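Understanding the architecture of this molecule
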Amino acid sequence: MHKTKNSLKEILFPVATFFIILIVWQLIDFVFKIKEVILPNPIEIFNQIIRNFSTLIGHTYITMFEAVFGFIAGSILAILIAVLFVYSSKSKKALYPYAIALKATPLYALAPVLVIWFGNGMPAKIVMSAMVAFFPVLVGAVKGFTAIEPEALDLFRSLSASELQIFSKLRFPNALPYILPSLKIATTLAVVGATIAEFTGASRGIGHLIVNSSYYLETSMMFAGIIFISIAGVLFFYLIEFIETKVVFWQVHD
Amino acid sequence: MIQIKNLTKDWKTKGKNLTAIDNIDLSVSKGEFVSIIGPSGCGKTTLLRLIAGLIKPTSGEVIVNEELSKRNSIKKLSVVFQNPVLLPWRNVIENVKLPLELDNNLKSSVKDKIRLVGLSSFKHYYPKELSGGMQQRVSLARALVLNPELLLMDEPFGALDELNRNKLNLELLKIHRRLNPTIVFVTHSISEAIFLSDKVVILSNGPAKVKDIVEIQLPRKRTIELKETKKFQDYVKCIRQKIV
């Protein structure tokens, strides 16, 4: 009883905030008569969404397609390289410092270069998404594969387990609570990566739509695009979070 | 069962040699319950890891069941660690089953072993749903699932409160009577060592040497009341004096 009351509040409060912001926004717009080109009001954005709903959905689909593919490719590659690092300390020593350094650099700056290399189509965007998704997953996976209780290794060795068994029954499941949070970070980065890559040269996708609308000063369309890609990004994030709660069921959540 | 001859283990730290185990000789016969006792950090765990074959001696040898060189003898040995080391993604049954999964040739009844440690009604629970004492019971069941001839225990009940420790001591004795494995039990509790063992090996502070071996001549079937008897107290006094 008490719990349902609380969870109701947890939904009610943010929803209330959302509508208050919209109303204040609309009021400011009404009082100061801000031009639509500078800042469209919520009603104008809403109308824009209604008029161009299928266009927006189409562009969002393209961007999310690139982001999801980049995310999958980047994460799989990251996990494979993490496995390499676990079994070859030389390659880890040689490469891992660069991985950590690259994680902190704005890889997005490479987007125009990728357009030169891979052209105007989807591959450049998928590569961009994969690159930015790669590093957090690599760091998470390396941590997970190596963060093992020494006694657990002793246990497996005392049972004369093979390296393959140690990996499949100990290292891999042990790494999941580290990998899944890094995948959640990677979802956000992959969507940003795809959108930014579209800014630099594309004929489809939300990034293209936003840049193109800016040429025609269709600010409300730009906002509509931002809203669509934001919602899609959030849904992507929560999909992985949902998978996390199923896969890493033993981890205590607060 | 176990023959330890001139066993020495050095650790190399920062270019220096640190002797952890210094020329230990010890023999344990089949079915015997032997406790190893000594001050913290004296090398008890190192000795146990050497017997388990988890680390290699610097010199000397450990012969288990006179066939150490044969790989299959290792299967007859189980270790119970200080921590329960349960896999959090596996429930009780799955945790106890682990040793059997690692070697498909082995067959044993998982449910019997879970019953033996009194966890039948918890067999679908996950480690985080169990108390510390229950987790250590699961760890014991997992060690027993191989029907080991030799059970190596490294302060398994050290993290438990007095009541749980006593309870598990009694159950360990029951298991020892029923399955009769050879047990080497590391502890720093004098009374636990006396209560459980046929023989208490006292190690000196690092490097570990065998300071003395005390035979415990108390009836094999033991109850908690035994701890209040004069004879038991005399053993405690005797060992305490030797340990310092």
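Residues numbered from 1 in each chain as written. Chains lettered and ligands numbered in written order. Predicted model: local features only at pLDDT ≥ 70, side-chain atom pairs only at ≥ 80, totals over all residues.

**Examining the overall build of chain A**
Selection criterion: Strands here are runs of E lasting at least two residues and helices are runs of H or I lasting at least four, both read from the DSSP assignment and numbered beginning at the N terminus. Using C-alpha atoms as the atom set, the radius of gyration is obtained and then compared with a globule rule of 2.2 Å times the number of residues to the power 0.38. Whether a residue is buried, exposed or partly exposed is read from the other C-beta atoms within 10 Å of its own C-beta, which are placed from the backbone; 20 or more gives buried, 12 or fewer gives exposed, and intermediate counts give partly exposed.
Helix and strand counts for chain A stand at ten helices and zero strands. Taken from N to C terminus, the helices and strands of chain A fall in the order α-α-α-α-α-α-α-α-α-α. Relative to the globule expectation of 18 Å for 254 residues, the C-alpha radius of gyration of chain A, 23 Å, shows a markedly less compact shape. Counting only C-alpha atoms and orienting by the principal axes, one finds that chain A spans roughly 75 × 60 × 30 Å. Across the 254 residues in chain A, those meeting the buried criterion constitute 35%.

**Thoughts on the domain arrangement of chain B**
Note on interface size: it is often stated as the accessible area lost on association of the parts. Residue and element names in this part refer to chain B. Rule in force here: Here the limits of each domain have been adopted from an automatic or database domain assignment. Residues are defined as contacting one another if the C-beta atoms placed from their backbone atoms lie within 7 Å. In this count, Pro and Cys sit with the nonpolar residues alongside Ala, Val, Leu, Ile, Met, Phe, Trp and Tyr, while Asp, Glu, Lys and Arg are called charged and the others, Gly among them, polar.
Taken domain by domain, chain B comprises domain 1 (2-65 + 149-243) and domain 2 (86-147). Taking only C-alpha atoms, the centre of domain 1 and the centre of domain 2 are 24 Å apart. At the interface, ten residues of domain 1 touch seven residues of domain 2. Element by element, the count of residues in the side of domain 1 that touches domain 2 is highest for helix α5 (residues 162-179), at five residues. When the residues that make up the side of domain 1 that touches domain 2 are grouped by side-chain class, the tally is eight nonpolar, one polar and one charged.

**Remarks on the domain arrangement of chain A**
In terms of domains, chain A is made up of domain 1 (1-33) and domain 2 (40-247). Averaged C-alpha coordinates put domain 1 of chain A and domain 2 of chain A at centres separated by 31 Å.

**A few points about the nonpolar core**
The condition that has to hold: Each nonpolar core comprises buried Ala, Val, Leu, Ile, Met, Phe, Trp, Tyr and Cys residues, the members being joined through C-beta atoms within 7 Å.
If you look at the biggest cluster of nonpolar residues, it comprises 67 residues, and the most contacted ones within it are Ile51(B), Ala141(B), Leu152(B) and Val184(B). Those residues in contact with Val184(B) that lie beyond four places of it in its chain are Val28(B), Val34(B), Ile36(B), Leu48(B), Ile51(B) and Leu152(B). Core analysis: the second largest hydrophobic core is formed by 52 residues, Leu56(A), Met64(A), Ala141(A) and Ile196(A) among them.

**A few points about the sheet that holds strand β2 (residues 16-28) of chain B**
Residue and element names in this part refer to chain B. The following threshold applies: Two strands qualify as a pair provided that DSSP identifies no fewer than 2 bridges between them. Axis definition: a line fitted to C-alpha atoms, over the contacting stretch in the case of helices. Angles run 0 to 180 degrees between N-to-C directions.
The strand order across the open sheet built from three strands is β2-β1-β4, with neighbouring strands paired in antiparallel fashion. What marks the edges here is a single partner per strand, and that holds for β2 and β4 (59-64). Averaged over all pairs of adjacent strands, the angle between strand axes in this sheet comes to 30°, irrespective of strand direction. Strand contacts of helix α1 (residues 44-52): β1 (2-13), β2 and β4, with the helix running at about 65° to β2, the strand carrying the most contacts.

**Notes on the packing of helix α5 (residues 111-118) of chain A against helix α6 (residues 122-146) of chain A**
Residues and elements named next belong to chain A. For clarity, the cut-off: Our angle categories are set so that under 35 degrees counts as roughly parallel, over 145 as roughly antiparallel, 65 to 115 as roughly perpendicular, and the remainder as oblique. Crossings are sorted by hand: turned counterclockwise from the far helix by less than a right angle, the near helix makes the crossing left-handed, and turned clockwise it makes it right-handed.
Between α5 and α6, whose axes approach to 8 Å, the crossing angle comes to 135°. Comparing the axis directions of α5 and α6 gives the class oblique. Both α5 and α6 take part in a crossing whose hand is right-handed. Where α5 abuts α6, its residues Ala-111, Leu-114, Val-115 and Phe-118 lie against Pro-123, Ala-124, Val-127 and Met-128. For the contact of α5 with α6, the per-class residue count stands at eight nonpolar, no polar and no charged.

**Comments concerning the sheet that holds strand β6 (residues 150-154) of chain B**
Residue and element names in this part refer to chain B. The strand order across the open sheet built from six strands is β5-β6-β7-β3-β8-β9, with neighbouring strands paired in mixed fashion. For this open sheet the edge positions go to β5 (77-80) and β9 (210-215), each flanked by a neighbour on one side alone. Neighbouring strand axes in the sheet, compared pairwise and without regard to direction, differ in orientation by 15° on average. Two elements, strand β8 (residues 199-203) and β9, share five bridges in a ladder whose sense is antiparallel.

**A short note on the packing of helix α8 (residues 163-199) of chain A against helix α9 (residues 206-215) of chain A**
To describe two helices that pack against each other, one gives the angle between their axes and the distance between the axes. All names here are of chain A. Close contact between α8 and α9 brings their axes to 7 Å; oriented N to C, the two are set at 45°. It follows from the interaxial angle that α8 and α9 lie oblique. The handedness of the crossing between α8 and α9 is right-handed. On α9, the residues touching Thr-195, Ile-196, Ala-197, Glu-198 and Phe-199 of α8 are Ile-206, Gly-207, His-208 and Val-211.

**So, the pairing of strand β7 (residues 182-187) of chain B**
Residue and element names in this part refer to chain B. What counts is decided by this rule: With strands facing away from the observer, any crossover in which the path from the first strand over the helix to the second runs clockwise is taken as right-handed.
With respect to burial, β7 is a largely interior element, six of its six residues being buried. Relative to β7, strand β3 (residues 33-37) is paired through five bridges, and the arrangement is parallel. Residue pairing in the sheet places Ile-37 in a bridge with Thr-187 of β7. In this fold, the crossover linking β6 to β7 by way of α5 has right-handed handedness.

**Details of α8(A)**
Residues and elements named next belong to chain A. For the record, the criterion: For a helix, the expected span equals 1.5 Å multiplied by the number of residues minus one. We define the bend at each residue as the angle formed by axes fitted to the 7 residues ending at it and the 7 residues starting at it.
Along its 37 residues, α8 runs just 46 Å from first to last C-alpha, ending more than 12% under the 54 Å computed at 1.5 Å per residue. Along α8, the sharpest kink reaches roughly 40°, centred on Leu-176 and followed within four residues by the proline Pro-177. Immediately beyond the C-terminal end of α8, within one or two residues, lies Gly-201, with a positive phi of roughly 155°.

**Some remarks on the environment of Lys242(B)**
Residues and elements named next belong to chain B. Position of Lys-242 among the secondary structure elements: in helix α7 (residues 230-243). Linking Lys-242 and Ile-2, residues 240 residues apart in sequence, is a C-alpha distance of 24 Å. Each residue touching Lys-242, except ones within four places of it in the same chain, is listed here: Ile-202, Lys-211 and Asp-212.

**A closer look at the pairing of β1(B)**
All names here are of chain B. Alignment of β1 against β2, held across nine bridges, turns out to be antiparallel. Bridging from a neighbouring strand, Lys-9 pairs with Ile-21 of β2. Pairing geometry for β1 and β4, over five bridges, is antiparallel. Note that in β4 the partner of Lys-5 across the bridge is Glu-61.

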